Amino acid sequence: MKSLNISTIFLALAVIICISCYSVECYKIGVGRADITGPPVEVTFMGYANLKQKGKGLHLRQFARSFVVEDPSGNRVAYVSADCGMVGYGVKREVIKRLKDRYQDIYSIDNVVISGTHTHSTPGGFLMDLLYDLSILGFVPQTYEALCQGIYLSIKRATDNLQEGKIFLSKTTVLNANINRSPSSYLMNPEAERARYEFDVDKDITQLKFVNLENELIGVFHWFAVHPTSMNNTNHLVSSDNVGYASMLLEKHYNPNKLPGKGKFVGAFASTNLGDVSPNIRGPKCQKSGNNCDVLTSRCPHEEGECVASGPGKDMFESTQTIAIRLYEAGVGLLQEESGREVTGDVSFIHQTVNMTNYSASVYNPLSRKMDKIRGCLPAMGYSFAAGTTDGPGVFLFEQGETTSNPMWNALRDFIAPPTQADIDCQHPKPILLATGRAAFPYEWQPKVVPTQVLKIGDLILAGIPGEPTTMSGRRLRNAIKKSALESGGGEFDVILAGLSNLYSSYIATFEEYQAQRYEAASTLYGPHTLSIYINQYKMLTAAMMTGKSVEKGPEPPYLNDKVLSLVPGVVFDGHPIGKDFGAIKFDAKRSYTINDVVTVTFIAGNPRNNIFHEKTYLVVERKINERWKIVLTDADWDTK
């Protein structure tokens, strides 16, 4: 018998593995995670637009979680879910710049989707469009840098961890984690359309599971429609909220004995069509009386207090934890069932920017059975935008559902930037409170040019949406993309909407919901046909991608980095008392505690804005084991504040 050369054996094995991998459409897959926590103090949080809601500390750190997929032909896409309010185009542009510096042309604006979870309890000042940074008092370089560097690192780590593997998709239902916060608006949608759905919010959670060729779990990403607003607008501690904590629970489960943010397994709960969806499942009540709020306006009689939704817990921390556990348990349940189907097929992507203000098209109207001409409007915010939502009420006695204007507020609006009659007609029935599309001082107030993007991973489509679609808007978008793929010869696809991706342009309500002018409709920037424009655009992109047609890149969104202003003061003074140095203990821990006791320790500390700790921790809790101290908790743990 002749002996085989050892190199020949290894070559044969490699060929066998390669053939078996490619025959079942396996991919190169990688997952990564990085810290994106910004300044935890003295910066206003992004989300509730509440000037008083400035950071005073840290509860849960922010993380960016990424996956990268490459098919056998070398086509590659990347997706990021970041624990932040949303994503600005300036952030994405800078992330791509850093990726290009390292990887040349592997990554581009076209094949990377960056999505914000939409937590309302993290520092703002990174979107650059003036209106969105106004309540933060402008641009905050520390927040911007934390996001850019952390998101870049998460994609880098996913890239560095690329290995051959498979992807599986599964779904389940979570019944007790979300409600519709604008049910009267939802009821404006056609009865026949509503009859196709059991609930007025999406209850399905979609899971993408990533495993290597040894069937070892390396990462899991979920999409579920819920606002991360369990932490309300009285909170002053940086928090990734319910979906962020669900991600941490999942990672702790599959990274045993690892600290938060550590370990190979990456788990995420990301945003989708959450526009009108609240986690406060007890519903809205008048704060002082406990009575129900008015359904149409979400107002209470003055003596009964504000209309605020809450629950399921006794306070916002317990509510955050409860919703997070329910999502986490649903995710783990799917993993343990090993249900779902394998995702197979090639990888592709398509991207185009669109000027929403001059978009015009003809769309079929099923009611009149005729083609209707539609167009986009200059961005504008309606009166009910100032009313806020039942998750976080607004100011100045504005009500949801306002369709008439007020001379006093109109005078203030006109002082800033008056709308033309054409603007008013275009946005009807929205009464314009802020004509942001006309405002240009000191720079753009809200975006006119938006990115639209579709990723294809096998028989799965992931669409990056630059805003917050409501429940029915999301359903129509998904159905339209699915139908376009089928009609273009692509076959049957599952469709995931990645909300709040690549740029923020507020809400996307249906035409019917727009007539009610609750908060979501008043914040639908480009007029009553905003959704129809998006449906038209995503159908076109999907069809082009399926048939291999190229599309024009579209207009470039403005570069605002050299224009942004900031009124956020720096650290005026950072010192320590005479006779006490930084690190000195003011209030020490006791010698012993019983279970469920709260341990409180006070130190003399510097201002964290003078030294932002990325990928680090401001505190550790250690346990003495066998005469050696071991770190058991950091500032990212649920049990530390």
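If you're wondering where the values come from, they're calculated on a predicted model, not measured in any experiment. (Residues numbered from 1 in each chain as written. Predicted model: local features only at pLDDT ≥ 70, side-chain atom pairs only at ≥ 80, totals over all residues. Heavy atoms only, no water.)

J.: So what's going on with the pattern of salt bridges? Which residues, and what values?
T.: The tally for this structure, following the rule as stated, stands at 32 salt bridges. Ionic pairing is found between Arg33 and Glu251, a salt bridge with its closest N-O pair at 3.0 Å. Of this pair, Arg33 sits in strand 1 (residues 27-35) while Glu251 is found in helix 7 (residues 241-254), placing the two residues 218 residues apart along the sequence. Assigned by exposure class, Arg33 and Glu251 land together as buried. Put simply, Lys100 and Asp105 hold a salt bridge, and the shortest N to O gap is 3.5 Å. (Salt bridge = Lys/Arg side-chain N within 4 Å of Asp/Glu carboxyl O. Helix = DSSP H or I, 4+ residues; strand = E, 2+ residues; numbered from the N terminus. Buried < 20%, exposed > 50% of the residue type's maximum accessible area, 1.4 Å probe, protein only.)

J.: Describe in detail the environment of Gly491, supporting the description with residues and values.
T.: With respect to the helices and strands, Gly491 occurs in the loop between helix 11 (471-487) and strand 25 (494-498). Note on Gly491: relative accessible area 23%, which makes it partly exposed. Through-space distance from the C-alpha of Gly491 to that of His222 is 24 Å; in sequence the pair is 269 residues apart.

J.: Talk me through the environment of Val551; I want residue IDs and the actual numbers.
T.: Its location among the elements puts Val551 in the loop between helix 14 (530-547) and strand 27 (585-587). Considering only alpha carbons, one finds Val551 and Asn479, 72 residues apart in sequence, at a separation of 22 Å. Apart from residues no more than four positions distant in its own chain, Val551 is found in contact with Ile350, His351, Gln352, Met540, Leu541 and Ala544. (Contact = heavy atoms within 4.5 Å.)

J.: Which residues make up a nonpolar patch on the surface, and what values go with them?
T.: A cluster of nonpolar residues, Ile585, Tyr593, Val599, Val601 and Phe603, forms a patch on the protein surface that exposes about 420 Å² of accessible area. Relative to the assigned elements, Tyr593 resides in the loop between strand 27 and strand 28 (602-603). (Patch = residues over 30% accessible without salt bridge, like charges linked within 9 Å, V, L, I, M, F, W, Y side chains within 5 Å. Areas by Shrake-Rupley, 256 points an atom, 1.4 Å probe, with all protein chains shown as cover.)

J.: So what's going on with the state of the cysteines? Residues and values would help.
T.: The tally for this structure, following the rule as stated, stands at 3 disulfides. In this model Cys293 forms its disulfide with Cys307; the gap between the sulfur atoms is 2.2 Å. Linking Cys293 and Cys307, the disulfide has an S-S dihedral of approximately 105° and is accordingly described as right-handed. Remark: Cys307 occurs in strand 15 (residues 307-310) and Cys293 occurs in the loop between strand 14 (283-286) and strand 15; sequence separation between them is 14 residues. A relative accessible area of 11% places Cys293 in the buried class. Given a relative accessible area of 5%, Cys307 falls into the buried group. Cysteine Cys84 remains unbridged, with the sulfur of Cys148 as its closest cysteine sulfur at 10 Å. The class for Cys148 is buried, based on a relative accessible area of 0%. (Disulfide = S-S within 2.5 Å.)

J.: How would you summarise the nonpolar core if you had to cite specific residues and measurements?
T.: Counting residues in hydrophobic clusters, the biggest one holds 91 residues, and the most contacted among them are Val91, Ile151 and Ile155. When residues in this core are grouped by element, the largest group, 9 residues, is from helix 14. One finds Val31, Leu455, Ile457 and Leu462 within the second-largest nonpolar core, a separate group that totals 26 residues. (Core = buried A, V, L, I, M, F, W, Y, C linked by side-chain atoms within 4.5 Å.)

J.: Talk me through the layout of surface pockets; I want residue IDs and the actual numbers.
T.: There is about 1,400 Å³ of room inside the second largest pocket. Secondary-structure elements contributing two or more residues to the lining of the second largest pocket are helix 3 (130-134), helix 9 (407-416) and strand 21 (432-434). The biggest single contributor to the lining of the second largest pocket is helix 9, with 4 residues. (1 Å grid on protein atoms, 1.4 Å probe; cavity = no way out; pocket = protein on both sides within 12 Å on 5 of 7 lines; lining within 4 Å. Points joined across faces, edges and corners; volume = space filled by probe spheres on them.)

J.: Can you tell me about the confidence of the model for the protein, naming the residues and giving the values?
T.: Per-chain confidence: the protein averages 94 in pLDDT, with 96% of residues scoring 70 or above. Contacts of residues 9-20 to residues separated by more than four positions or lying in other chains number 3 contacts, the stretch itself having pLDDT below 50. (pLDDT = per-residue confidence, 0-100.)

J.: So what about unusual backbone geometry? Which residues, and what values?
T.: Note that the residue after Gly311, namely Pro312, is joined by a cis bond; omega there is 10°. Within the secondary structure, Pro312 sits in the loop between strand 15 and helix 8 (316-337). Here His428 and Pro429 are connected by a cis peptide whose omega angle stands at 10°. Notably, Glu42 is not glycine yet its phi reads approximately 65°, a positive angle. Among the structural elements, Glu42 can be located in strand 2 (residues 41-44). Residues other than glycine seldom take positive phi values, yet Asn502 does so here, at roughly 75°. Looking at the element boundaries, Asn502 is found in the loop between strand 25 and strand 26 (507-508).

J.: Which residues make up the sheet that holds strand 11 (residues 237-238), and what values do they have?
T.: A sheet is described by the order of its strands in space; here 3 strands give the open sequence 2-3-11, paired in mixed fashion. Only two strands of the sheet have a single partner each, and these edge strands are strand 2 and strand 11. Here strand 3 (residues 54-58) pairs with strand 11 via 2 bridges, running parallel. Bridge pairing in strand 11 places Gly57 opposite Leu237. (Pairing = 2+ DSSP bridges.)

J.: Can you break down the pairing of strand 30 (residues 628-634) residue by residue, with the values?
T.: Pairing analysis gives 6 bridges linking strand 29 (residues 620-625) to strand 30, with the strands arranged antiparallel. Counted as the bridge partner of Ile625 is Arg628 from strand 30. Between strand 29 and strand 30, which follow one another and run antiparallel, lie 2 residues, and Asn626 among them has a positive phi close to 55°.

J.: Before we move on, could you go through the packing of aromatic side chains and cite the residues and values that matter?
T.: Throughout the structure, instances matching the rule amount to 17 aromatic pairs. Pairwise contacts between aromatic rings join Phe67, Tyr79, Phe210, Phe221 and Trp223 into one cluster. The cationic tip of Arg475 hangs over the ring face of Tyr197; the distance from NZ or CZ to the ring centre is 4.0 Å. It is Lys616 that lies over the ring of Phe613; its NZ or CZ is 5.4 Å from the centre. (Phe/Tyr/Trp six-rings, centres within 6.5 Å; stacked < 30°, edge-to-face > 60°. Lys NZ or Arg CZ within 6 Å of the ring centre and 35° of its normal.)

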